[in-house]
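Per-entry structural report
If you want the building blocks of each chain, they are given just below.
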Number of protein chains: 2
Amino acid sequence: MSYPRLFHVAVPGVVHSRSFRCIWLLEEMDVEDFEICMLEPGKPYAAQMRQYGVTQSRKIPTLQIDNLEVRESGVISQVLAERYASSRSMFGIDSERIEVLEWIAMAETCITFRIPLIPSLMQLGKSLSEIRSHVVEPMEHVFRDNVARFESHFEERGSDYLLRSGFSVADTMCGWSLHTFHTWGLMDLDTGASPLTLAYLERLRSRNGFQRAEKYAEVSPGLYRRGCVSVS
Amino acid sequence: MSYPRLFHVAVPGVVHSRSFRCIWLLEEMDVEDFEICMLEPGKPYAAQMRQYGVTQSRKIPTLQIDNLEVRESGVISQVLAERYASSRSMFGIDSERIEVLEWIAMAETCITFRIPLIPSLMQLGKSLSEIRSHVVEPMEHVFRDNVARFESHFEERGSDYLLRSGFSVADTMCGWSLHTFHTWGLMDLDTGASPLTLAYLERLRSRNGFQRAEKYAEVSPGLYRRGCVSVS
């Protein structure tokens, strides 16, 4: 296989899989030689990916590269950022290394269900009103706290992007999370309480790379090169 | 501050925070010079941590080290493994680098609520039976799939630990997830369907480092040195 190939699925206007983070990153780095394989939503991914030669991975994101299958969007992003570092560094500067790793992890934990709430939900012995007060309301708090963390970061820094040195993989990782959860109303940035985070999200959405990555929601299942060009 | 200080909270027999992963790692590396600060469960962590000089972080795990505050258990583990690499490498061998990063990420994603299910739950317009069929049952599937991923890994590898080269940070990261979710019955390894993963978990639980880390659930809030020795 010559080009790195990334598997993705999207439902237009509703959701992109986490692979969005990696496609966006490739666009920001101006990489030409990659393939995006769009899967059919709602059908098991493992069987679809096997048709394209995937042998191990059963979930997306998956990156095929150098006869390896790499999983987890944060790891794929790191692999891609290192591979194409010569075109443009996306990992910030050396002194920001721990910070960029924190943001990569935070991109997941900021949208993660609070662990101790999961048993309350899964071992359903609760009424609807108990689910509301024991699970849903605490999670609303958690999401608000996570938005507040972004907001206080931008208040202190006054920077346009998460790292001082400029746009980076921290933004492609956290950007997908904020975009998706804001779109769903779960991390609502329109309340007036987080103007800097809202402005940050708008800044991300207006980037060419973001918009080019969004286009993949519009195409049919199949294999594509950069710019949603079908591979026949 | 002289020693790295890690903040943790635990409820005996119920749950350890993710800081458990990092304490366990320190024990496995035979590090002597660290402090564990146990917080009081159920009270806001940020205010408690401020009393110990934390200025930025509002959540646990948090590691104070070299006048930095490091968040996210995977990042803290990486920082600690690098700092104490001379005592014992916990990151596997060079050729396992991508794999160890995948397991660090997988430790979180294997216990993460499936993202598209979250709106169904949070925007409560559903009956209890709809919550069961639209949210709880799909999540039961996800957890079973994640256990199956571990099981097939051990079937293929036949290894005692996640990496071929032996015990590593992959195990301290994923081990906490498996231990916690198995204890809660959410990733039940006793069904007979995942004997290798169950044996793996028992192997982890029998390690000295795991058992020493568990002891912190028994002590009162306050500051401790290795072995739960109170710092007066």
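Residues numbered from 1 in each chain as written. Chains lettered and ligands numbered in written order. Predicted model: local features only at pLDDT ≥ 70, side-chain atom pairs only at ≥ 80, totals over all residues. Heavy atoms only, no water.

What to know about the pairing of strand β6 (residues 68–71) of chain B
Residues and elements named next belong to chain B.
- Summarising the sheet, strand β5 (residues 62–65) and β6 pair through four bridges and their orientation is antiparallel. When the sheet's bridge partners are listed, Ile65 is paired in β6 with Leu68.
- A loop of two residues connects β5 with β6, the two strands running antiparallel in sequence, and Asp66 in this loop sits at a positive phi of about 50°. (Pairing = 2+ DSSP bridges. Helix = DSSP H or I, 4+ residues; strand = E, 2+ residues; numbered from the N terminus.)

Examining the domain arrangement of chain A
All names here are of chain A.
- Annotation of chain A at the domain level lists domain 1 (5–90 + 210–230) and domain 2 (94–166 + 168–206).
- Distance from the C-alpha centre of domain 1 to the C-alpha centre of domain 2: 23 Å.
- Across the contact, 17 residues belong to domain 1 and 19 residues belong to domain 2.
- When domain 1 packs against domain 2, close to 1500 Å² is buried across both sides, 63% of that on carbon and sulfur atoms.
- For domain 1, the biggest contributors to the area lost against domain 2 are Arg21, Trp24 and Phe210; these three give 39% of the whole.
- Between domain 1 and domain 2 we count two salt bridges in total.
- Note that Arg21 and Glu108 form a salt bridge whose closest N and O atoms lie 2.6 Å from each other.
- Scanning the region where domain 1 abuts domain 2 turns up ten residue pairs in polar contact (both at pLDDT 80 or more). (Domains from an automatic or database assignment. Contact = heavy atoms within 4.5 Å. Buried area = accessible area lost by both parts, 1.4 Å probe. Salt bridge = Lys/Arg side-chain N within 4 Å of Asp/Glu carboxyl O. Polar contact = N/O pair within 3.5 Å; in protein donor to acceptor, adjacent residues only side chain to side chain.)

Brief notes about the UniProt feature "domain: GST N-terminal" (unreviewed entry) in chain A
- The positions that UniProt labels "domain: GST N-terminal" (unreviewed entry) are, in the present scheme, residues 21–86 of chain A.
- End C-alpha atoms of residues 21–86 of chain A are separated by 20 Å, and the span's content is 38% helix alongside 18% strand. (UniProt positions renumbered as here; feature names shortened; annotations may be inferred.)

As for the relation of the copies chain B and chain A
- With an RMSD of 0.0 Å, chain B superimposes on chain A once it is rotated by 180° and translated 0.0 Å along the axis. The operation mapping one copy onto its partner corresponds to a two-fold rotation axis.
- When the interface residues of chain B are mapped onto chain A, 100% of them again fall at the interface, so both copies present the same face. (Least-squares fit on C-alpha atoms with pLDDT ≥ 70 in both.)

Brief notes about the layout of surface pockets
- Of the pockets and cavities examined, the second largest pocket occupies roughly 1100 Å³.
- Tyr45, Lys59 and Ile60 of chain A together with Arg114 and Val142 of chain B are, among the 35 residues lining the second largest pocket, the residues nearest its centre.
- Secondary-structure elements contributing two or more residues to the lining of the second largest pocket are β2 (10–11), β3 (15–16) and α2 (45–50) of chain A together with α4 (97–109) and α6 (128–157) of chain B.
- A breakdown of the residues in the lining of the second largest pocket according to their chemical character gives 17 nonpolar, eight polar and ten charged. (1 Å grid on protein atoms, 1.4 Å probe; cavity = no way out; pocket = protein on both sides within 12 Å on 5 of 7 lines; lining within 4 Å. Points joined across faces, edges and corners; volume = space filled by probe spheres on them. Nonpolar A, V, L, I, M, F, W, Y, C, P; charged D, E, K, R; others polar.)

Thoughts on the interface of chain B and chain A
- Contacts between the two partners involve 46 residues from chain B, matched on the other side by 46 residues from chain A.
- Both sides of the chain B and chain A interface together cover about 4300 Å² of buried area, and 66% of this is carbon and sulfur.
- At the junction of chain B with chain A, the criterion picks out four salt bridges.
- Between Arg97 of chain B and Glu82 of chain A there is a salt bridge whose closest N-O contact spans 2.7 Å.
- Seen at the junction of chain B and chain A, the total is eight residue pairs in polar contact (both at pLDDT 80 or more).
- Here the side of chain B that touches chain A gets ten residues from one element, more than from any other, and that element is α6 of chain B.
- Tallied by class, residues from the side of chain B that touches chain A come to 27 nonpolar, six polar and 13 charged.

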